[in-house]
Amino acid sequence: MKAIDREQQAEAEIGHTTFSRGVPSALTALLLVTLFGVFILERLQPDGVALVDDVLHLAPSKNDITDTIAREGAYEGFFSLNRTMLGNMERLTSDLERSSPLRRTLLPPMNRFFTGSLGAQNADVARGRDGWLFYVPALSHVTGPGFLTSRAPRKGDPVEALANFNLDLASRGITLVAVPLPDKATVYPEQLAPRCSPTVALQNPSHESFLAALKGRGVLTCDVTAALLSAKARGSAYLARDSHWTPEGMHAAAEYLHDFLRDHVPTLPEGNVPYRTGIPQSVRNAGDLAVMLSPNSAVPDSLKETVELSAVEGPNGTPWEADSAGKILLLGDSFSNIYTLEGMGWGAHAGLAPWLSLLLQQPLDAITQNGDGAHATRLRLNQMLQRGEDRLAGKLVVIYAFAARELSLGDWKPDLRLAQVSSQ
Amino acid sequence: MVFSSHLFLFYFLPAALVLYYGLPKWTRHFFLTVMSYIFYGWANPSFVLLMFVSTLIDYTSGLVIGKDPIEPGGPRTRRQKVALLTSVTSNLSLLAFFKYFNFGVDSYNQLMMGLGWESAQWDTLLRITLPLGISFYTFQSMSYAIDVYRSEARPVRNFIAFACYVSMYPQLVAGPIVRFREVALQLETRTHTLEKFGRGTAFLALGLAKKVILANPCGNIADQVFDAGSRGVVEAWYGLAAYSFQIYFDFSAYSDMAIGLGLMLGFVFPKNFDSPYLARSITDFWRRWHISLSTFLRDYLYIALGGNRLGTARTYANLMLVMLIGGLWHGASWNFVVWGGIHGGMLALERALGNRNPVRHLPAAASMAVTFTVASVAWVFFRAVTLPESLHYLWNLAGLGAVEPGAALLPGLLYQPYYLASMALAAGITWGAPQTWDFTRHLTWPKALWCATLLLVSIALLMTQSYNPFIYFIF
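Predicted, not measured: the structure shown is a model, and the values here were computed from it.

Draft legend 1. Summary view of the pattern of salt bridges. Residue and element names in this part refer to chain A. Counted according to the given criterion, the structure contains 26 salt bridges over all chains. Across the pair Asp390 and Arg172 runs a salt bridge whose closest N-O atoms are separated by 2.7 Å. Separated by 218 residues along the polypeptide, Asp390 in the loop between α15 (376–386) and β10 (397–403) and Arg172 in the loop between α7 (158–170) and β4 (175–181) bring together distant segments of the chain. Residue Asp390 is classed as partly exposed on the basis of its relative accessible area, which comes to 25%. The class for Arg172 is partly exposed, based on a relative accessible area of 33%. Across the pair Lys395 and Asp365 runs a salt bridge, and its minimum N-O distance is 3.3 Å. Residue Lys395 is found in the loop between α15 and β10, and its partner Asp365 is found in strand β9 (residues 365–368); the two are separated by 30 residues along the sequence. A single burial state applies to Lys395 and to Asp365, both of which are buried. In the salt-bridge network here, residues are joined through shared partners; they are Asp365, Arg387, Glu389, Arg391 and Lys395.

Here it is in structure tokens:
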């Protein structure tokens, strides 16, 4: 007798499924009601995706096709059109997900349940002890492979990028000072893993070789980790539910940087502009990590934090502002913007650049941008130079402050050389 | 597009069901093919051309083979042999080029560098993108021509029906690999019943739950451990167990959903996983893991090489060769070759030891533990990206190798209550719960309510999870 094969077995088994009365109908009805119900709900919402329109425009139009082929040729044109169509489909997919009322409704309670009751992390935020939160991508910099090895996910070599930037600035008589800013887990590892020592900083395995490599290429590097550990010992260095430093941590880093500049850049003149601090104020806000943990819902007041800070004022009592006449240019990311840029919700005129001005008693210029610390501000500087706006004119020092996680995760664009000033 | 996605569940699937059941019966295969091409093309529109070309070649090969008499065991004409060769070489060439070109170039260049012949390296900017599911549909498509040649299936005249078989979205990108001869009958005649649809819904619900509730959190754990620069011995084993669960639940979930979606369209696909971690030997493991692939390799490669009919040494060589090729099928990397080699070696060893194998005489739980450990250690090569990383991970498993200071943070990340609960649940389901085919064989009201609950919970979780990869999509 011929043995039955797997497909015949499966067919036979399906035919012998037994059901309690009404179960097939019930399961079928449940599935169809769920699938079609959500579909109809999403189509009925007034601010939903214009599905029909978007679907009809997924493929490039006839004109787009002929224009692209005429411009790029049949072969390149085909792949170009393919990329366009793929982009349209990806956009439609993410728009449908983002605009889903089901998702908007479910996300807050699900997040509260999983991250609150079960202590789950999400893609961005990990829970530590005592309500502390940590930024997961930054954690991967500390726990991950050495960022100077081939395993690191970063693009481009940060040593090469910084060395090239240093050379370009040196050709204009400007000294570069690189300032990698450690992640919270480097300074507060015990808040995530209790067995970690609270007095020892946890760095990425490539940290020391990175500093040595930059030194070998003539790049001045100011490692503020020790200063932040000292601030921690005195009270606090980082916010519990934000990825950034406290005002005390920032002050400690600024003081260390100030001393570093005095020791390593002898050409920097003594300051004589009487910057001073204003009246201390309290600012209460939800940290970025608390917000990331609870998307689409307000952060409860119990999770907000309060900081005490004093805005820096200029000689006339006016709030500190970046001054292009300053001899120092700070290129900074969100670590520079916090306490300075009002939009971040943590007060204004009281962050790294104003505090450095206060310590140096001289004006400071600043180009800052949240995120992409590996290249964003260098790119903006280049764009300004290319527009004829020479932000390097009269500068003696460029301080390049970036989150250390950029060394593992960032796009360093080592070929991004300093642009020439346009004469337009 | 993945099954466990907003787009698929609430847009694609409703549209596919409406078209399938709403339009005249004679148009069903056409619209199923169109929807399947849309499903496939959503990953990359250009890929559909490749699949269409492969389909056309195999359809034509089948017709050519069928032009001359094809008696079982009878002689074949030169034309038939050429047609078969065309099908097999074209499919394997497509697979070789798109999957193994980059690997071939990189391996060649590394060899030249190792020999000190850098000038002989091939400097090319050409990097080939791997089309989704190419390993699956080329094998499936090739099986048609082979089955027709062997007179185990009749050539199909209707191109739409054949295209439907190759592209059918439930099993297109990650299997099960479905033999043409049985689907051929179903293409001609199949039933659409509420019972089939109901059981299909149960399969879909259970598959979705396995994916979202078990595979995804285990995958999160595994990623954190494997992506770390180094890890302590406890974290290494914890991460490995997590990966073992992830790959099992991920892949078996996809198979369950594929089977469920097939049932909704009246198709019956065979079982692809049969509780593989209950296996008591590696030989037994391969009767339970990715069954459609292992039987494909057995029927089309192992037996063609002579199987166990040409002596002991040749049997071991055949086993090893089949598993090495099976490993390479999974990915273009020496890691997968090593993985295949481990399993080939184990199969040969178990065959050689026969009843003298001490594992056979252990209590069931012990032999399962040994088999699970061996399979898991082999998974290191599956998950780690390079051979050096694999070896470093093995060192960490043994408590050896340098452990960087940053590894001290891993316990804080990995032993969160949610992760511990997910791992416990995964272990409980793996070794304590019936697998999907057994669970759904007798669908009572309590089971139906359980499936319904899982479906709704999974959908709710899906809305909120940002981590949702499908491992087998890379094959």
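Draft legend 2. The arrangement of the nonpolar core in detail. The biggest cluster of nonpolar side chains holds 230 residues, and the ones touching the most others in it are Trp245(A), Leu261(A), Tyr339(A), Phe8(B), Tyr169(B) and Trp289(B). Of all the elements, helix α9 (residues 233–264) of chain B adds the most residues to this core, at 19 residues. Those residues in contact with Trp245(A) that lie beyond four places of it in its chain are Leu181(A), Leu228(A), Ala237(A), Tyr238(A), Leu239(A), Met250(A), Ala253(A), Phe335(A), Ile338(A), Tyr339(A) and Leu352(A). If you look at the next biggest cluster of nonpolar residues, it comprises 29 residues, including Phe165(A), Ile174(A), Met384(A) and Leu407(A).

Draft legend 3. Just a nonpolar patch on the surface, in detail. Judged by side-chain polarity, Tyr75(A), Phe78(A), Phe79(A) and Leu49(B) come together as a nonpolar surface patch covering roughly 410 Å² of accessible area. Considering each element in turn, the nonpolar patch owes the most residues, 3 residues, to helix α4 (residues 62–98) of chain A. Within the secondary structure, Tyr75(A) sits in helix α4. You can call Tyr75(A) exposed: its relative accessible area is 59%.

Draft legend 4. Highlighting helix α14 (residues 364–383) of chain B. Taking 1.5 Å per residue as the helical rise, α14(B) with its 20 residues ought to reach 28 Å, and the 28 Å between its terminal C-alpha atoms agrees with that figure. By the burial criterion, the buried members of α14(B) are Ser367(B), Thr371(B), Phe372(B), Ala375(B), Ser376(B), Ala378(B), Trp379(B), Val380(B), Phe381(B), Phe382(B) and Arg383(B).

Draft legend 5. Local environment of the packing of helix α3 (residues 47–67) of chain B against helix α6 (residues 159–167) of chain B. Residues and elements named next belong to chain B. Running from N to C, α3 and α6 cross one another at 125°; their axes reach a closest spacing of 10 Å. Comparing the axis directions of α3 and α6 gives the class oblique. The two elements α3 and α6 meet at a crossing, and its hand is right-handed. Across the interface between the two elements, Met51, Phe52, Thr55, Leu56, Asp58 and Tyr59 of α3 pack against Phe159, Phe162, Ala163, Val166 and Ser167 of α6.

Draft legend 6. Here's a closer look at the sheet that holds β9(A). Residue and element names in this part refer to chain A. Read from one edge to the other, the open sheet built from 5 strands follows the order β5-β4-β10-β8-β9, with strand pairing classed as parallel. Two strands lie at the open edges of the sheet, namely β5 (220–221) and β9, each paired on one side alone. The pairing of strand β8 (residues 328–332) with β9 spans 4 bridges and is classified as parallel. Note on β9: the bridge partner recorded for Gly332 is Thr368. Sheet strands in contact with α15 are β8, β9 and β10, and its direction is about 115° off that of β9.

Draft legend 7. How the structure looks around the packing of aromatic side chains. In total, this model carries 69 aromatic pairs over all chains according to the counting rule given. Taking the ring centre of Phe165(A) as reference, the NZ or CZ of Arg378(A) above it sits at 6.0 Å. Above the ring of Tyr149(B), the side-chain terminus of Arg76(B) is found at 5.4 Å from the ring centroid.

Draft legend 8. The arrangement of the interface of chain A and chain B in detail. Across the contact, 69 residues belong to chain A and 76 residues belong to chain B. In total, chain A and chain B occlude about 6300 Å² of area from one another, counting both sides; carbon and sulfur atoms represent 70% of this. The largest share of the area that chain A buries against chain B comes from Arg6(A), Glu7(A) and Arg151(A), three residues that together contribute 11% of it. Our enumeration of links across chain A and chain B arrives at 1 salt bridge. Taking the shortest distance from any N to any O, the salt bridge between Arg151(A) and Glu389(B) comes out at 3.3 Å. If you look at where chain A meets chain B, you find 16 residue pairs in polar contact (both at pLDDT 80 or more). Looking at the side of chain A that touches chain B, the elements with two or more residues in it are α1 (6–15), β1 (18–19), α2 (23–44), α4, α5 (101–117), β2 (125–127) and α6 (136–143) of chain A. As defined by bridge partners, β1(A) adjoins strand β1 (residues 442–443) of chain B across 2 bridges and the pair is classed as parallel. Counterpart to Thr18(A) in the pairing with β1(B) is His442(B).

Definitions and cut-offs
Counting from 1, residues in each chain are numbered in the order their sequence is written. As a convention, the first chain written is A and the first ligand written is 1, with the rest following in written order. Local features are withheld for residues below a pLDDT of 70 in this predicted model, meaning they are given only at 70 or higher, and side-chain atom pairs are given and counted only at 80 or more; totals for whole chains, interfaces and linings count all residues. Processing note: side-chain calculations cover all non-hydrogen atoms of the structure and skip hydrogens and water entirely. By convention in these notes, a salt bridge is any Lys or Arg side-chain nitrogen within 4 Å of a carboxyl oxygen on Asp or Glu. A run of H or I in DSSP counts as a helix once it spans at least four residues, and a run of E counts as a strand once it spans at least two, with each numbered from the N terminus. Each residue is placed in one exposure class: buried if its accessible area under a 1.4 Å probe, protein chains only, is under 20% of its type's maximum, exposed if it is over 50%, and partly exposed if it falls in between. We call a set of buried Ala, Val, Leu, Ile, Met, Phe, Trp, Tyr and Cys residues a nonpolar core when their side-chain atoms join them within 4.5 Å. Only heavy atoms enter the contact rule, under which two residues are in contact if any of them lie within 4.5 Å. Each patch is built from salt-bridge-free residues with over 30% relative accessible area, joining like charges within 9 Å and nonpolar side chains (Val, Leu, Ile, Met, Phe, Trp, Tyr) within 5 Å. Note on areas: Shrake-Rupley with a 1.4 Å probe; residue coverage comes only from the protein chains shown. Expected span, for any helix, means 1.5 Å times one less than how many residues it has. Axis angles are defined between N-to-C directions and span 0 to 180 degrees, where every axis is a line fitted to C-alpha atoms and, for a helix, only to the segment in contact. Orientation categories follow fixed angle ranges, with anything under 35 degrees roughly parallel, anything over 145 roughly antiparallel, 65 to 115 roughly perpendicular, and all other angles oblique. The handedness criterion is simple: a crossing whose near helix is rotated anticlockwise from the far helix by less than a right angle is left-handed, and one whose near helix is rotated clockwise is right-handed. By this definition, two strands are paired if DSSP reports at least two bridges between them. Two aromatic rings, drawn from Phe, Tyr or Trp (for Trp, its six-membered ring), form a pair once their centres lie within 6.5 Å of each other, and the interplanar angle then sorts them: stacked below 30 degrees, edge-to-face above 60, tilted otherwise. Counted as over-ring charges are cases with an Arg CZ or a Lys NZ within 6 Å of the ring centre that also lie within 35 degrees of the ring normal. Buried area, as used here, totals the accessible surface that two parts lose on assembly, with accessibility defined by a 1.4 Å probe and the loss added over both. Here a polar contact means two N or O atoms within 3.5 Å. Within protein one must be a hydrogen donor candidate and the other an acceptor candidate, and residues neighboring in sequence count only if both atoms are side-chain atoms.

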